[in-house]
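Structural characterization, general
Now for the letters of each chain:
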Amino acid sequence: MEEILNEFKPHELVHLKLGSLDLSITDYVVWLLVACALVFILLYLAARRAQLVPRGFYNAVEAVVEFIYQEMILNIMGPEGKPFLPFIGTIFFFIFFVNLLGLIPIPGIKVGEHLVFPGMKTSTALTGTTFAWGVLVFLVYNLVGIKKQGLIKYLKNLVPSGVPFYLIPFLFLLELISHVFRPVSLAVRLFANMLAGHTVLAVFTFMAATSIFWVKLLPFAGVVIMMAFEIFVAFIQAYIFSILTAIYISGAVHPEH
Amino acid sequence: MEKGLAYLAAGLAIGLGAFGPGIGIGLLVAKSQEAMARQPEAGGMIRTAMFIGLAFAEAVALYALVIAFILSGK
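Residues numbered from 1 in each chain as written. Chains lettered and ligands numbered in written order. Predicted model: local features only at pLDDT ≥ 70, side-chain atom pairs only at ≥ 80, totals over all residues. Heavy atoms only, no water.

Before going further, it helps to examine the overall build of chain A. Helices and strands together make up the secondary structure of chain A, namely eight helices and six strands. Counted from the first residue to the last, chain A has its helices and strands arranged as α-β-β-β-β-α-α-α-β-β-α-α-α-α. With the principal axes as the frame, chain A shows a C-alpha extent of 70 × 50 × 45 Å. Split into buried and exposed, the 257 residues of chain A put 40% on the buried side. Long-range contacts, defined here as pairs at least 24 residues apart, represent 66% of the contacts in chain A between residues at least 6 apart. (Helix = DSSP H or I, 4+ residues; strand = E, 2+ residues; numbered from the N terminus. Buried < 20%, exposed > 50% of the residue type's maximum accessible area, 1.4 Å probe, protein only. Contact = heavy atoms within 4.5 Å.)

Structural data, given as structure tokens:
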């Protein structure tokens, strides 16, 4: 168990420290940047070749964007949610790509002492990445709500109207706590899902590698099945993260819901 | 001795922690299947709501899993 969990420890590639702030480039950061570049290239190419009748690869991208628009914008925020499509779409594609990158099982390659190729890692299996996104979503939906309603009205609308006056301070505190825990639950859900899935894969692989020949088949079948399930989970987690973002923004913009 | 207790606690944490969410997810999926069978034209909306509910139920088990990881890494 220890050595499996050690697999998730980040390896420092470039040491960079600002005082007590650790800005080192680890293998997780590298794969985050790769995912970032992939999403940018994919969406840029797809947007540049926009046609009336899309074909092939561009058609696939358009179908996903259409799905995001239908499911997360129109169904939850209504037509006035359209300005948030780029934000929510970017979150969806980014999380999906980061989740998928870690599923490609390529270990790190070392030449002598130097690590020439950092092993494929899922950056979302680290709390730093997911908490950063959680805080970003928290800031965005609160700022959008404040901009739309004004600070005083926004704070007032946290408490549902029509409650007795002596309950208002209590409910306000309760709502405040629930709002603070929103980014935490977003972050921990994504992080724990990815870490758990990859740990299960690692355990099955470990079992397949260490057991005797005739028993190997069983954990190997487990690896194959879990791999398929993990691809599904990668999609579902990206979907959940972005749809919850849409719900939070919608809740901040329309207080009555 | 202490390490053994930590492993035992980790096992108990995820075992008991998965108990409630397991029941919850079962109920959730059963009910939404029922709803979808009754009203297939509302299937898309029900599915969306189901996945959101699933995420919340599942998160509880995952909190337990994080505790289990922390304990077993001790």
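Turning next to the overall build of chain B. Scanning chain B from N- to C-terminus turns up three helices and zero strands. Taking 11 Å as the expected radius of gyration for a compact globule of 74 residues, we find that chain B reaches 17 Å, considerably beyond that expectation. Burial status across chain B gives 34% buried among its 74 residues. For chain B, the share of sequence-separated contacts (at least 6 apart) that also reach a separation of at least 24 residues comes to 76%. Carbon and sulfur atoms form 74% of the exposed surface of chain B, whose accessible area is close to 4600 Å². Side-chain charges in chain B split into 5 positive and 4 negative, and the spacing between the mean points of these groups amounts to 3 Å. (Rg over C-alpha atoms; globule rule 2.2 N^0.38 Å. Areas by Shrake-Rupley, 256 points an atom, 1.4 Å probe, with all protein chains shown as cover. Lys, Arg positive; Asp, Glu negative; His and termini not counted. Charge placed at Lys NZ, Arg CZ, Asp CG, Glu CD.)

This next bit is on the packing of aromatic side chains. Residues and elements named next belong to chain A. Per the counting criterion, the structure on display carries 17 aromatic pairs over all chains. Ring geometry for Phe 67 against Phe 235: centres 6.2 Å apart, planes inclined by 40 degrees, an arrangement best described as tilted. Of this pair, Phe 67 sits in helix 3 (residues 56-74) while Phe 235 sits in helix 8 (residues 217-253), placing them 168 residues apart in sequence. The class for Phe 235 is partly exposed, based on a relative accessible area of 29%. Relative to Phe 97, the ring of Phe 96 has its centre 6.5 Å away and its plane inclined at 85 degrees; by these criteria the two rings are edge-to-face. (Phe/Tyr/Trp six-rings, centres within 6.5 Å; stacked < 30°, edge-to-face > 60°.)

With that out of the way, let us pick up helix 2 (residues 19-38) of chain B. Relative to the 28 Å expected for 20 residues at 1.5 Å per residue, helix 2 of chain B spans 29 Å between its end C-alpha atoms, a close match to the ideal helical length. Residues of helix 2 of chain B that are buried sit in contact with helix 1 (2-17) and helix 3 (43-72) of chain B. (Expected span 1.5 Å × (residues − 1).)

Counting residues in hydrophobic clusters, the biggest one holds 61 residues, and the most contacted among them are Met 72, Ile 88, Phe 241 and Ile 249 of chain A. Contributions of two or more residues to this core are made by helix 2 (27-48), helix 3, helix 4 (85-101), helix 5 (127-149), helix 7 (168-210) and helix 8 of chain A together with helix 3 of chain B. Here the element with the most residues in this core is helix 8 of chain A; it accounts for 13 residues. Leave out the neighbours within four places in its chain, and Ile 249 of chain A touches Met 77, Phe 84, Phe 87, Ile 88, Val 140, Tyr 141 and Val 144 of chain A. (Core = buried A, V, L, I, M, F, W, Y, C linked by side-chain atoms within 4.5 Å.)

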